[in-house]
Amino acid sequence: MHFEVIDHLPFPLKDVFTTMRDKLPELVPHLPDVRKIECVERTELGPGKLRLVNHWYAEDKIPGTLKKFISADQLGWIDYAEWDDATMSVSYRLEMMFFREYVDVRGKNTFAGDDKESTVTLNGDLNLDLAKHPMIPRLLARTITGQVEKLVLALIKPNLVKVNRGIEKHLRGE
């Protein structure tokens, strides 16, 4: 399932790009669905290229039907991102803490703008394969897949926009 969000921020492109890349943990107070963001790796890949690995810890909002399959400590994801200053973009892959081997989320976000405002285009693809999960009965796989898809998108998609709102508050000094 493809998802896309286009969002505008009233701040210079360079400020938005570097804040999202370098200051995610500082944005947590502005992200109501996130308990913590922890940078676990920061590697320079060459001029203007950077690999970041951030561990996101989400708040506990598990639908009742999924509680027997997912625990509260599994709500989160690891964000593997490669930032490119030349193209003002980030390619990413998210590794969910639950159903890790059955959920694949990846995409590319681009940043455009000038010294007054920015546009962030958030693109991604979510692919699930729960039919092979040993704890999920085959007859329920389709239903569970739909619920997990909604949960994953409910965790990720709104947080993409909330990160932008957090950037705005951070850049305003709030």
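The rules behind each value
- Along each chain, residue indices are assigned from 1 in the same order as the chain's sequence is written.
- It should be noted that, the model being predicted, local features are given only for residues of pLDDT at least 70 and side-chain atom pairs only at 80 or more, the latter also being counted only at that level, while totals for whole chains, interfaces and linings use all residues.
- Side-chain calculation: all heavy atoms of the structure are included, whereas hydrogens and water are not.
- Each aromatic pair joins two rings of Phe, Tyr and Trp (for Trp, the six-membered one) with centres within 6.5 Å, and gets the label stacked for planes under 30 degrees apart, edge-to-face for over 60, and tilted for any other angle.
- Each helix is a run of H or I in the DSSP string that is no shorter than four residues. Each strand is a run of E no shorter than two, and both are numbered from the N terminus.
- Partly exposed residues are those whose accessible area sits between 20% and 50% of the maximum for their type, while under 20% is buried and over 50% is exposed, using a 1.4 Å probe and protein chains only.
- By the criterion adopted, a ring carries a charge over it if an Arg CZ or a Lys NZ lies within 6 Å of its centre and within 35 degrees of its normal.
- Each residue carries a pLDDT score, the predictor's confidence in it, ranging from 0 to 100.
- Any N or O atom pair separated by 3.5 Å or less is treated as a polar contact, with the protein-specific requirement of one donor-capable and one acceptor-capable atom, and with residues adjacent in sequence counted only for side-chain atom pairs.
- Here, residues are in contact when the closest pair of their heavy atoms is within 4.5 Å.
- The criterion is simple. A nonpolar core is a set of buried Ala, Val, Leu, Ile, Met, Phe, Trp, Tyr and Cys residues joined through side-chain atoms within 4.5 Å.
- We define a salt bridge as a contact between a side-chain nitrogen of Lys or Arg and a carboxyl oxygen of Asp or Glu at a distance within 4 Å.

> Tell me about the packing of aromatic side chains, and name the residues and values.
The full count for this structure, using the stated rule, is four aromatic pairs. When the ring of Trp83 is compared with that of Phe111, the centres are 5.9 Å apart and the planes differ by 35 degrees; the resulting orientation is tilted. With Trp83 in strand β4 (residues 76-84) and Phe111 in strand β6 (residues 103-113), this pair connects stretches of sequence that are 28 residues apart. Of the two residues, Trp83 and Phe111, both sit in the buried class. Here the basic side chain of Lys36 rests over the ring of Tyr57, its NZ or CZ set 4.7 Å away from the ring centre. Residue placement shows Arg93 over the ring face of Tyr80; its charged tip is 4.3 Å from the ring centre.

> I'd like to hear about the confidence of the model for the protein chain, residue by residue, with values.
Reading predicted coordinates in detail is not appropriate for stretches of low pLDDT. Scored by pLDDT, the protein chain has a mean of 85; 87% of the residues are at 70 or more. Averaged over each element, pLDDT in the protein chain is lowest for helix α3 (residues 138-172) (80) and highest for helix α1 (residues 13-22) (97).

> How would you explain the side chain of Glu168 if you had to name every residue and give the values?
When you line up the elements, Glu168 lands in helix α3. At a separation of 3.1 Å, a polar atom in the side chain of Glu168 contacts the side chain of Arg165. Among residues more than four places away in sequence, those in contact with Glu168 are His8, Leu9, Pro10 and Phe11.

> Got a sec to walk through the environment of Leu171? Specific residues and values, please.
With respect to the helices and strands, the residue Leu171 is situated in helix α3. Residues Leu171 and Phe11, 160 residues apart in the sequence, show an inter-C-alpha distance of 7.9 Å. Excluding anything up to four places from it in sequence, Leu171 contacts Phe11, Asp15, Val16 and Thr19.

> Give me the nonpolar core: which residues, what numbers.
The biggest cluster of nonpolar side chains holds 43 residues, and the ones touching the most others in it are Trp56, Trp83, Phe111 and Val163. Per element, the largest residue contribution to this core is seven residues, and it comes from α3. Dropping the residues within four chain positions of it, Val163 is found in contact with Met20, Leu24, Leu27, Leu31 and Trp56.

> For the environment of Gly48, give the residues involved together with the corresponding values.
Following the sequence through the fold, Gly48 ends up in the loop between β2 (34-46) and β3 (49-58). On the basis of relative accessibility, which here comes to 30%, the residue Gly48 falls in the partly exposed class. A C-alpha to C-alpha distance of 5.9 Å links Gly48 and Asp84, two positions 36 residues apart in sequence. Those residues in contact with Gly48 that sit more than four places away from it in its chain are Trp83, Asp84 and Asp85.

> An account of the pattern of salt bridges is needed here, citing residue identities and associated values.
Evaluated as defined, the whole model comprises twelve salt bridges. Here the residues in one salt-bridge network are Asp7, Arg165, Glu168, Arg172 and Glu174, joined through shared partners.

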